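What follows is each chain in one-letter form.
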Amino acid sequence: MGAGSLPIAAMVAACNRGGETGSPTSPVPRNSTTAALPTLLPTTTPATAPATTLAIDPSRPWWLQGNYAPVMDEIDATELVIRGALPPELNGYYVKNSSNPPGSDSPHWFFGDGMVHGLVLGNGAAQSYRNRWVRTEPYVAGLGFGKGAPGGGNSQSNVSVFWHGGKLLSSGEVGFPYELNIADLSTVGAWDYAGALTGSFTAHPKTDPATGRMHAFGYGFTAPFLEYYIIEPDGTMSHRETIATPRSTMIHDFQITETDAIFWDLPVVFDLDLAIQYINDPLAGAMPYQWKPEFGSRIGVMPLAGGADRIQWFDIDPCYVFHSVNAFRRGDEVIVDVCRMTSMFDTAVNDSLGGEPSLRRWTLNTATGAVADDVLETVNPGDLPSRDPRRVGREHRFGYLTGTRENAHTVELGAVIKHDFASGARDVWEPGPTRHATEPLFVPGDATDLSDDAGWLLSFVHDDAVGESVLAVLDATDLAAGPVAEIVVPQRVPYGFHATWVEAGDS
Ligand SMILES: [Fe+2]
């Protein structure tokens, strides 16, 4: 825990104190969603996604318009209004990171300064909301990403946030993570694992639910292009090694099984000339990674405990994957479920939106070297996935994704989707024509129920019509029923990237 921070349990306990609670709703048991649901909440799901109602000015960057636009105020609020009934078993801290440039311009959705938004929930109430910029070195200096080579503390720390080893850490996948004080989301500083970390650190580490170890990696613009890390439950980095790759490719996510670490080396390739252009004039928008399918695509499987010399590579058709749902091993086969795009940063096709998406299952036979790349869904396949954290690296049945709507001028988010990987069936909550959901973070419910839909999905939802942001809480067993609760956030929450949940008592 960061110096000076308070246990989440203490903050949650305060939810029961007079004058600090949200709306006086009665707790409802899990799955009793409809009985206590007030009419304020949508309960029906259209058969198809609504047509876009979002007006975008194509002459200006889409990431500076509508609810992608940054907010300029840092606020603290209590006594949040709740519509519906917040499950009393949600006791903890929901924190989400986002790209929030403090100026009036930004070269890309990915290149705004990190801002975290946090809500403390407990005992059926929403105790507080606050948002803070991550006080990174470039933020404090007012430099953005435009001065000097990124790395170390020179990171916007704007992609994800996670709790491990007693620290709340934000990451922008470039440079070091930043430690945040969990009591107030203030910034402690860049964290290099007591000097053990010298390169970058992914925004998508994976914590093994059996061991508590966090497995992670970093990719570099210069050699070493890829490094693998293991962090012990106490926060000590116990393992670091280089994985030999021929060039710098953008690797946003990876996966683990009980025995394997899995990387994908895909042809979004670092271009030094473009990087120099970017550093000299970031607003010119020269993305330093470009689509170069001639370099091919491959998936690497190596021992979870380390041993990059034993990595086994599997070639696949050129594609790009930001995010994966989960992975697991079944005998000789390693299975990975991913959100795949036909290309990314392909300036010949588009400027920022990527190619055609699909939900895929990679099956890698480590005995024969065979690989299968099966299409699971092509109609609104979804991205920004989550899964039951108790199933990380273990066979899962369900995954949760964010849907999109057809819009040529922006990434228009839409529905919350539950995908059944056993049957292919989908359960969808469509929030309405003017409302847009974001990453649905799965939070386990009853600790004795290990089903990987026994829990809740937390998603910031924005309504363009009224300018309102809420944190929607859905029962993961029945998305179509609509949220069991919506917590009204007292300011707009821009569409961000990734959230985490810190259970009360864990901090
Ligand atoms: Fe991500």
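Quick caveat, the model's predicted, so the values are computed rather than measured.

*Asks:* Quick rundown of the overall build of the chain? Include the residues and the values.
*Replies:* Check the secondary structure of the chain and you find three helices and 33 strands. When each of the 507 residues of the chain is scored for burial, the buried share is 52%. For the chain, restricting intrachain contacts to residue pairs at least 6 apart in sequence, the fraction spanning at least 24 positions comes to 60%.

*Asks:* Hey, could you go over the nonpolar core for me, with residue numbers and the actual values?
*Replies:* If you look at the biggest cluster of nonpolar residues, it comprises 119 residues, and the most contacted ones within it are Leu86, Ile262, Leu471, Leu474 and Ile487. Those residues in contact with Ile487 that lie beyond four places of it in its chain are Leu80, Ile82, Leu86, Leu119, Ala126, Val470 and Leu471.

*Asks:* Kindly report on the pairing of strand 11 (residues 214-219), identifying the contributing residues and their values.
*Replies:* Within strand 11, six of the six residues are buried, which leaves the element mostly enclosed by the surrounding structure. In strand 11, alternate side chains face the same way, and those of Met214, Ala216 and Gly218 on one face and His215, Phe217 and Tyr219 on the other are all buried. Judged from the two bridges that link them, strand 10 (residues 206-207) and strand 11 form a sheet pairing that is antiparallel. Bridge assignment links Thr207 to a residue of strand 11, and that residue is Met214.

*Asks:* Provide a residue-level description of the pairing of strand 25 (residues 398-405), including the pertinent values.
*Replies:* Most of strand 25 is tucked away, with eight of its eight residues classed as buried. Burial along strand 25 is two-sided: the face carrying Phe398, Tyr400, Thr402 and Thr404 and the face carrying Gly399, Leu401, Gly403 and Arg405 are both buried. Pairing analysis gives two bridges linking strand 24 (residues 383-386) to strand 25, with the strands arranged antiparallel. Bridging from a neighbouring strand, Ser386 pairs with Tyr400 of strand 25. Alignment of strand 25 against strand 26 (residues 412-420), held across seven bridges, turns out to be antiparallel. The residue of strand 26 that forms the bridge with Thr402 is Val416. Here strand 25 hands over to strand 26 after six residues, the two strands then running antiparallel side by side.

*Asks:* For the sheet that holds strand 7 (residues 167-171), give the residues involved together with the corresponding values.
*Replies:* The sheet built from four strands is open, its strands ordered 6-7-8-9 with antiparallel pairing. The strands lining the two open edges of the sheet, one partner per strand, are strand 6 (160-164) and strand 9 (187-190). Taking each pair of neighbouring strands and ignoring which way they run, the sheet shows an average axis angle of 30°. In this structure, strand 8 (residues 178-180) lies alongside strand 9, joined through three bridges in antiparallel fashion. Considered in strand 9, the bridge of Glu179 is made with Gly189.

*Asks:* Outline the environment of Gly432, listing residues and values.
*Replies:* Relative to the helices and strands, Gly432 resides in the loop between strand 27 (426-429) and strand 28 (435-437). Sequence separation between Gly432 and Asp463 is 31 residues, and the spatial gap between their C-alpha atoms is 8.6 Å.

*Asks:* Outline the confidence of the model for the chain, supporting the account with residue identities and numerical values.
*Replies:* Overall, the prediction assigns the chain a mean pLDDT of 88, with 88% of residues at 70 or greater. Confidence drops under a pLDDT of 50 for residues 1-47, and excluding neighbours within four residues, the segment shows 101 contacts in the predicted structure.

*Asks:* I'd love a proper account of the environment of Pro440, names of residues and values included.
*Replies:* As for its placement among the helices and strands, Pro440 is situated in the loop between strand 28 and strand 29 (441-444). For Pro440, a count of 31 C-beta atoms within 10 Å corresponds to the buried category. Along the sequence, Pro440 and Ser386 sit 54 residues apart, while their C-alpha atoms lie 6.6 Å from each other.

*Asks:* Any chance you could break down the sheet that holds strand 4 (residues 114-122) for me, citing the residues and the numbers?
*Replies:* For sheets, the rule is that strands pair by backbone hydrogen bonds, running either parallel or antiparallel. Within the open sheet, the five strands sit side by side as 1-5-4-3-33. Their pairing is antiparallel. At either margin of the open sheet sits one strand with a lone partner, and together these are strand 1 (76-78) and strand 33 (499-503). In this sheet, adjacent strand axes meet at a mean angle of 15° when their direction is disregarded.

*Asks:* Any details on unusual backbone geometry? Residues and values, ideally.
*Replies:* Residue Pro224 follows Ala223 across a cis peptide bond; omega there is 0°. The backbone of Leu384 shows a phi angle near 50°, a positive value even though the residue is not glycine. With respect to the element layout, Leu384 can be found in strand 24.

*Asks:* Which residues make up the environment of Met237, and what are the values?
*Replies:* Among the structural elements, Met237 can be located in strand 13 (residues 237-242). Along the primary structure Met237 and Gly195 are separated by 42 residues, whereas in three dimensions their C-alpha atoms are 9.4 Å apart. Beyond its immediate stretch of four places on either side in the chain, Met237 contacts Tyr193, Ala196, Leu197, Tyr229 and Ile231.

Rules used throughout
Residues numbered from 1 in each chain as written. Predicted model: local features only at pLDDT ≥ 70, side-chain atom pairs only at ≥ 80, totals over all residues. Helix = DSSP H or I, 4+ residues; strand = E, 2+ residues; numbered from the N terminus. Buried ≥ 20, exposed ≤ 12 C-beta atoms within 10 Å, placed from the backbone. Contact = placed C-beta atoms within 7 Å. Core = buried A, V, L, I, M, F, W, Y, C linked by C-beta atoms within 7 Å. Pairing = 2+ DSSP bridges. Axes fitted to C-alpha atoms, helices over the stretch in contact; angles between N-to-C directions. pLDDT = per-residue confidence, 0-100.

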